[in-house]
Amino acid sequence: MNICFLTKYPPIQGGVSMHCYWAARGLAERGHRVFVVTNADEVEETFRIRIPETDRVGSGAYAPEFPESGGRVIVTSTQPPDRRELYYVPLGNPTVSRLAGLATELIRAHDCEVIFSYYLEPYGVAAHLASRFTGVPYVFKHAGSDLHRLMQVPELRTTYTEVLRGANRLISRGPSRTRLLEAGVDESAITSCAAFGLPADLFTPVGPSRPLSQWIATGSEPARPVDSGLPILGVYGKLGEFKGSFDLLHAMRRLFSDGFRFNLAAAVQGWQQDAFTRLAGRLGLADHVHLIPFMPHWSIPEFIRSCTAVAFLERDFPIAAHTPTIPSEIIACGGCLVVSTEVARKQLFRAAIRDRRNVVVTDPLRHDELAAALRYALEDGARAQDIGRRGHVELGYEPTYESYVGELEQLLISVAAEPTGSSSPSRRPDTAGADPTGVAQAVPGLYPRTQALLTADDERRLHRAAQADGSHRDAADRRALALRVGRLLLGILPPHAVVAREVCRYEYKIHEWTRDATRDKPTAPPGAELDWRARPDRARPRLVGQAEIVEFSCDVEPVLEALAAGRQAPAGEGPLKVLFHEATAPLRVSEPTAWVVELLRTGDLTVDQIADLARERYDATGPHSDRTSAAQCLDVLEGLCWEGVVTFD
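Residues numbered from 1 in each chain as written. Predicted model: local features only at pLDDT ≥ 70, side-chain atom pairs only at ≥ 80, totals over all residues. Heavy atoms only, no water.

K.L.:
So what's going on with the sheet that holds strand E12 (residues 309-312)? Residues and values would help.
P.N.:
One open sheet holds the 6 strands; their spatial order is E11-E10-E9-E12-E13-E14, and the pairing between them is parallel. If you trace the sheet from one side to the other, it starts and ends with strand E11 (289-291) and strand E14 (360-362), each paired once. Strand-to-strand twist in this sheet, taken as the mean axis angle between neighbours without regard to direction, amounts to 25°. In the packing of helix H9 (residues 245-257) onto the sheet, the strands contacted are strand E9 (232-238), strand E10 (263-269) and E11, and the crossing angle to E10 comes to about 170°. (Pairing = 2+ DSSP bridges. Helix = DSSP H or I, 4+ residues; strand = E, 2+ residues; numbered from the N terminus. Axes fitted to C-alpha atoms, helices over the stretch in contact; angles between N-to-C directions. Contact = heavy atoms within 4.5 Å.)

Rendered as structure tokens:
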């Protein structure tokens, strides 16, 4: 299939560019021809990746070709405008018009069947126009900053709303779905498929690395002696206050004052780079702070493997929906990750985080604490390797690259067969849920996994039940409608349809525990994650908000995962216990975890007292030593803390 990408792409730095690069490469590897239309060559030097010429020529990494499958990536970028030809008053760069025109020409010349676009400005707007010009449908994916920041600008909101409504499918998940629904997007057009995964053959602990001197040589920094005997702390990505860049320098100064030195390999750039360099000089760190240019996405694994530890210290980030991928890159490569508490809480693997065992977690705003964390990560190379190894094993990144590319491929193939989307009434939010026929229309959007398991008899019973149901409610109240539809479904599903009933009950509980967007999410006080282990005789864990442990008669999670991928799978053996909480996604829990949650609900105990009760309960029934049962209890509390379910007084 021929696919048109209207997206960011290297040499643009950043997460969106990285996602688009790996998506294009993965689709080409599967035999598709991906035509990338971008303005990447116009990116300013501040945010430009330095790509070696060897990667740009032929079938280099920049635009790879795969002869065995016939797929390839073809990149077409606009260039900075030639002002001898392109000028008008007032002067500007017509980026959207240029991208839409180029894409339209490529779509027509190569019979592209579908458009994929990522980020509203300018790519989503250009995709919307190219789709209208050619009649080719488009799939759109938003990031955090475009949906939650740019779309709040009044002059942009109407245009962006039309882009969102006009897409055949929008890739979104989490709280962002609420924003899309508020913008009038048809819920049936929203999908959470194609969650990003890293290519495991490249992001791996085994592979090449380079000495620091070779990394420094890739930039313009004057050659100077480097003490190769010192540990190396790596950082990469954008530089700035919210990235913890200046906090890092202050913590580094504290360590140097204590006689502990290391080299900082900083592959960072940004608007505050001059201020960063000045501060490093003022603190007497200039000889050990080595600035390296932004490197291509495919070189990141080699950089991680070259470092003793790698830090990602983002804090107080203004866009709450921002979920960076860098921590997963570091873990996938077996790097010792030093990460901020804020970012740790956003990771899919947060429940498995064990501070100082598989990652090092710190609060960058507490410079003494940050200094101690850096020292722990760097002063013992063997310990850093052990932390990285355990992180790689215990924090296994899901989903996989194969599922990411495979689900995106299936979505694009499906959309290619559809007519172009529009913001016509047929594509507006369904408001018929308050009448009997509206129930059937609401089921696919509200109970998609249950709907896939319904038989024809089930659907007839649902229709009759909807006609008899008198509890019609305003369909604008999505949660109320979802609960009403769920009760109707549970009422018509026969007792022998065990899997369908339990899948429906699982989806019902998700809606029941979905936080009202108008209410604040319950949060733990800052710092609770880090210091409770040092005072187990006084720290008292407590639940943050409300929680419920629900037991299912069979393990429905394999069924849910298979249905999301468009295939069938049998249910696993039960029972399955799931923790539902308004601050986090449903969390599969073990019997000991469920026991701890119930204990927190009813008691006011210290960590030590809970550990003692765990010894009494589990040492009498299982082959656990005192140390093991106590350690497992602490692990349970830490996992619940990172999920935002538990805090400590």
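K.L.:
So, the sheet that holds strand E16 (residues 547-552): which residues are in play, and what are the values?
P.N.:
Across the sheet, which stays open at both edges, the 3 strands sit in the order E16-E17-E18 with antiparallel pairing between neighbours. Either end of the sheet is taken by a strand with one partner, and the two such strands are E16 and strand E18 (584-589). Strand after strand, the sheet turns through a mean of 25° between neighbouring axes, direction not considered. Relative to strand E17 (residues 576-581), E16 is paired through 6 bridges, and the arrangement is antiparallel. The residue of E17 that forms the bridge with isoleucine 549 is leucine 579.

K.L.:
For the pairing of strand E1 (residues 2-6), give the residues involved together with the corresponding values.
P.N.:
Most of E1 sits inside the fold, with 5 of its 5 residues counted as buried. The two faces of E1 match: Asn2, Cys4 and Leu6 on one face and Ile3 and Phe5 on the other face are all buried. Two elements, E1 and strand E2 (residues 33-38), share 5 bridges in a ladder whose sense is parallel. In the strand pairing of E2, asparagine 2 is matched with arginine 33. (Buried < 20%, exposed > 50% of the residue type's maximum accessible area, 1.4 Å probe, protein only.)

K.L.:
Explain the packing of aromatic side chains residue by residue, including any values.
P.N.:
By the definition in use, this model includes 19 aromatic pairs. With a centroid separation of 6.5 Å and an interplanar angle of 80°, the aromatic rings of phenylalanine 116 and tyrosine 118 are classed as edge-to-face. Across the pair, exposure class does not vary: phenylalanine 116 and tyrosine 118 are buried alike. Between tryptophan 532 and phenylalanine 648, the ring centres sit 4.4 Å apart and the planes meet at 5°, which makes this aromatic pair stacked. In this pair, tryptophan 532 is assigned in the loop between helix H21 (498-512) and strand E15 (541-543) and phenylalanine 648 in strand E19 (residues 646-648), connecting sequence segments 116 residues apart. Take tryptophan 532 and phenylalanine 648: they sit in the same class, and that class is buried. When the ring centre of tyrosine 119 is taken as reference, the NZ or CZ atom of lysine 8 above it lies at 4.4 Å. The ring of tyrosine 376 carries arginine 356 above its face, with NZ or CZ at 5.2 Å from the centroid. (Phe/Tyr/Trp six-rings, centres within 6.5 Å; stacked < 30°, edge-to-face > 60°. Lys NZ or Arg CZ within 6 Å of the ring centre and 35° of its normal.)

K.L.:
Any details on unusual backbone geometry? Residues and values, ideally.
P.N.:
Cis geometry marks the peptide bond from proline 10 to proline 11, where omega comes out at 15°. Cis geometry marks the peptide bond from glutamate 121 to proline 122; its omega dihedral reads -5°. Assignment of secondary structure puts proline 122 in helix H4 (residues 120-134). With a phi angle near 95°, tyrosine 119 is a residue other than glycine that sits in the positive phi range.

K.L.:
Describe in detail the nonpolar core, supporting the description with residues and values.
P.N.:
Core analysis: the largest hydrophobic core is formed by 111 residues, its most contacted members being Phe5, Leu6, Ile115, Leu164, Tyr236 and Phe303. The element best represented in this core is helix H1 (residues 15-29), accounting for 9 residues. In contact with leucine 164, not counting residues within four places along its chain, are Leu120, Phe140, Leu147, Met151, Leu170, Leu180, Ala183 and Val185. Within the second largest apolar cluster, 35 residues are counted, among which are Phe246, Ala280, Leu285 and Ala377. (Core = buried A, V, L, I, M, F, W, Y, C linked by side-chain atoms within 4.5 Å.)

K.L.:
Run through the packing of H1 against helix H16 (residues 401-416), naming residues and quoting values.
P.N.:
Two numbers describe how H1 lies on H16: the axes approach to 10 Å, and their chain directions differ by 75°. Taken together, the axis directions place H1 and H16 in an arrangement best described as roughly perpendicular. Across from His19, Trp22, Ala23, Arg25, Gly26 and Leu27 in H1, the residues of H16 making contact are Tyr401, Tyr404, Val405, Leu408, Glu409 and Leu412. (Parallel < 35°, antiparallel > 145°, perpendicular 65-115°, else oblique.)

Just distances and angles here, no functional claims.
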